[in-house]
Amino acid sequence: MAIVKPFLCVHPSDGHYEEVSALPYDVFSREEAREEVKDKPYSFLNIDRPETQFSPEQDMYADCVYEKAARMLEAWEQKGILTEEKEACYYIYALTMDGREQNGIVACSSVDDYLTGVIRKHEFTLAEKEMDRIRHVDTCNAQTGPIFLAYRHQDKISSLIAEAKKEAPLFDFISEDGVRHAGWKIDDPAVNAALEKAFSTIPRTYIADGHHRCASAVKVALKRREEKPDYTGNEEFNYFLSILFPDDELCILPYNRVVHDLNGLTEEVFLEKVAEKFEISKSDTDVEPKEKGCCGMYLDKQWYLLKQKTEFVQDDSVEQLDVAFLQREILEPVLGIADPKKDQRIGFSGGIRGNADLEKRCHTDMKVAFSMYPTSIQELFAVADAQRMMPPKSTWFEPKLRSGLFIHKF
């Protein structure tokens, strides 16, 4: 069963929540991060991406860069930009986008739950991407970016959240992308105890977003255990910052695909090969698929609706995914993209960007685009429960959790 515990939270002081909050570090390129922090001295991106504090020529993985992040974190506490609570509590983090609200519990999850499979994953991680966050977490002695976890809805937890939200929030603001962010501290010991008990009845939680951050936090914990052979298991490094949301409140957007060329095929031959696996029809408008088994395709300024032929659909938790069907039947055998993680001929576009982004890219450096039907949270659970992995870029969660609102030090 899941271990989800309250913690001593470091968070912005009153009046600083909005200016500190920042989108996750990994949604920015190096150049974009430098531009984002201009005239924003207390954006948490300054700490999450400390190379922004150096010249563009600086090696972003040098020791001095990570040490700068640790010094800034300490300095912001000393200046009163950030404050540390004196008692361990849970928090509520509510995000509202396009009229839809999702309510998460901010807490610490167990490293051992990750190691034993209580916390389930659905993506592979890359060692080089992990190393950056390992060094950041280890040097700062803090987890600065929360791991986005999901769990199957439980009435008890939902009712406790609803009751706690009757109190005044710690913060409530609308970010520049139009998303409302609000947070509450749960300081009633009885409510905290009830929440901890309720989570202890949940058999599994699932990484929705943040696989690399999670793996990095776990590896820092294992490193600390080696350095402290008499560890008890109660040390704070044995837990990592997480925000847990019920499955029925989450929204997954599609993760669309764009491909640079047709692998030497003419458009006519390519369309013939697509028609072998899909029922294909032209569309007078752009195609946002309305049901599973369908996708849109944009080729030579023309949109097509593609519907999978049933004889090629596989009854398997991974292979039945729409992104897996496209990869298996078109991207690899027809377009020659065997490994979408490494092949430079394929690109990806988060569903929040819409079909306009696909058209724009096909009018510049790409040849064909596919608009996907989103993977469902239940499909994610099924793959994770089977201890399988999804194809790369299968899910895009919105809205994004802001960094800097909740920090876990150890």
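It should be emphasised that the depicted structure is a prediction, and the values quoted were computed from it without experimental measurement. (Residues numbered from 1 in each chain as written. Predicted model: local features only at pLDDT ≥ 70, side-chain atom pairs only at ≥ 80, totals over all residues. Heavy atoms only, no water.)

A. Spotlight on the packing of aromatic side chains. Tallying each qualifying case throughout the model produces 17 aromatic pairs. Residues F278 and F325 carry aromatic rings whose centres are separated by 5.2 Å and whose planes lie at 75 degrees to one another, so their mutual orientation is edge-to-face. In this pair, F278 is assigned in strand 15 (residues 278–283) and F325 in helix 11 (residues 322–331), connecting sequence segments 47 residues apart. Pair check on accessibility: F278 and F325 agree, each one buried. Positioned over the ring face of Y239 is K5, at 4.6 Å from the centre of the ring. In this structure, K400 packs its charged tip against the face of W396, placed 4.2 Å from the ring centre. (Phe/Tyr/Trp six-rings, centres within 6.5 Å; stacked < 30°, edge-to-face > 60°. Helix = DSSP H or I, 4+ residues; strand = E, 2+ residues; numbered from the N terminus. Buried < 20%, exposed > 50% of the residue type's maximum accessible area, 1.4 Å probe, protein only. Lys NZ or Arg CZ within 6 Å of the ring centre and 35° of its normal.)

B. Focus on the packing of helix 4 (residues 63–79) against helix 6 (residues 127–140). Packing of helix 4 against helix 6 brings their axes to within 9 Å, and their N-to-C directions diverge by 45 degrees. In terms of their interaxial angle, helix 4 and helix 6 are classed as oblique. By crossing handedness, the relation of helix 4 to helix 6 is classed as right-handed. Facing D63, Y66, E67, A69, A70 and L73 of helix 4, the residues of helix 6 in contact are D132, R135, H136, T139 and C140. (Axes fitted to C-alpha atoms, helices over the stretch in contact; angles between N-to-C directions. Parallel < 35°, antiparallel > 145°, perpendicular 65-115°, else oblique. Left-handed = near helix turned anticlockwise from the far one by under 90°. Contact = heavy atoms within 4.5 Å.)

C. Broad picture of the pairing of strand 19 (residues 368–371). Taking every second residue as pointing to the same face, both faces of strand 19 are buried, with V368 and F370 on one and A369 and S371 on the other. Looking at chain direction, strand 14 (residues 255–259) and strand 19 are connected through 3 bridges and run antiparallel. Looking across to strand 19, one finds that R257 is bridged to F370. Here strand 16 (residues 294–299) pairs with strand 19 via 4 bridges, running antiparallel. The residue of strand 19 that forms the bridge with G296 is S371. (Pairing = 2+ DSSP bridges.)

D. Spatial organisation of a negative patch on the surface. A cluster of acidic side chains, namely E87, E167, D187 and D188, defines a negative patch on the protein surface. With respect to the element layout, D188 can be found in the loop between strand 10 (180–186) and helix 8 (189–199). (Patch = residues over 30% accessible without salt bridge, like charges linked within 9 Å, V, L, I, M, F, W, Y side chains within 5 Å. Areas by Shrake-Rupley, 256 points an atom, 1.4 Å probe, with all protein chains shown as cover. Salt bridge = Lys/Arg side-chain N within 4 Å of Asp/Glu carboxyl O. Lys, Arg positive; Asp, Glu negative; His and termini not counted. Charge placed at Lys NZ, Arg CZ, Asp CG, Glu CD.)

E. Focus on the side chain of S317. Counting through the fold element by element, S317 comes out in the loop between strand 17 (302–308) and helix 11. Those residues within four positions of S317 in sequence are excluded, and the remaining contacts are A382, V383, A386 and R388.

F. Here's a closer look at the sheet that holds strand 21 (residues 407–409). The sheet built from 4 strands is open, its strands ordered 3-2-21-7 with antiparallel pairing. Taken across any chain shown, the strands that pair with only one partner, and hence form the sheet edges, are strand 3 (82–84) and strand 7 (142–143). Looking at chain direction, strand 7 and strand 21 are connected through 2 bridges and run antiparallel. For A142, the partnering residue across the bridge sits in strand 21 and is K409.

G. Region of the structure containing the pairing of strand 8 (residues 147–151). Within strand 8, 5 of the 5 residues are buried, which leaves it mostly tucked inside the rest of the structure. Alternating positions in strand 8 separate into two faces, I147, L149 and Y151 on one and F148 and A150 on the other, with burial throughout. As paired strands, strand 8 and strand 12 (residues 239–246) are joined by 5 bridges and run parallel to one another. Paired with L149 across the two strands is L244, which belongs to strand 12. Relative to strand 11 (residues 205–209), strand 8 runs antiparallel, the two sharing 3 bridges.

H. The state of the cysteines, seen in detail. Evaluation of the coordinates by the stated rule reveals 0 disulfides. Between C89, a cysteine without a disulfide, and C9, which holds the nearest cysteine sulfur, the sulfur-to-sulfur distance is 9.1 Å. Residue C89 is classed as buried on the basis of its relative accessible area, which comes to 1%. (Disulfide = S-S within 2.5 Å.)

I. Quick look at the environment of L170. As for its placement among the helices and strands, L170 is situated in the loop between helix 7 (155–164) and strand 9 (171–174). What makes L170 partly exposed here is its relative accessible area of 27%. With near-sequence residues (within four places) excluded, L170 lies in contact with Y17, Y91, G183, W184 and K185.

J. Just the sheet that holds strand 16, in detail. Here 6 strands make up an open sheet; going across it, the order is 15-17-16-19-14-18 and the pairing antiparallel. Lying at the two open borders of the sheet, with one neighbouring strand each, are strand 15 and strand 18 (346–350). The sheet shows a mean angle of 25 degrees between the axes of neighbouring strands, direction not considered. Seen against the sheet, helix 10 (residues 267–277) touches strand 15, strand 16, strand 17 and strand 19 and runs at an angle of roughly 125 degrees to strand 15. The strands that helix 11 touches are strand 14, strand 15, strand 16, strand 17, strand 18 and strand 19; relative to strand 14, the one it contacts most, it runs at about 15 degrees.

K. Representation of the nonpolar core. Y93, F270, I330, L335, V368, F370 and F406 are the most contacted members of the largest nonpolar core, which totals 62 residues. With 6 residues, the single largest contributor to this core is helix 11. Contact partners of V368, with chain neighbours within four places excluded, come to R257, V258, V259, L262, F270, M297, Y298, L299, L335 and C362. Membership of the second largest hydrophobic core comes to 35 residues, among which are I92, I105, L149 and L160. (Core = buried A, V, L, I, M, F, W, Y, C linked by side-chain atoms within 4.5 Å.)

L. Molecular detail of helix 6. Taking 1.5 Å as the rise per residue, helix 6 with 14 residues should run 20 Å; its terminal C-alpha atoms sit 20 Å apart, in good agreement. Along helix 6, the residues that are buried comprise E130, D132, R133, I134, H136, V137, D138 and C140. Here the buried face of helix 6 lies against helix 3 (45–48), helix 4, strand 7 and helix 9 (211–227). Remark: N141 follows helix 6 within two positions and exhibits a positive phi of approximately 55 degrees. (Expected span 1.5 Å × (residues − 1).)

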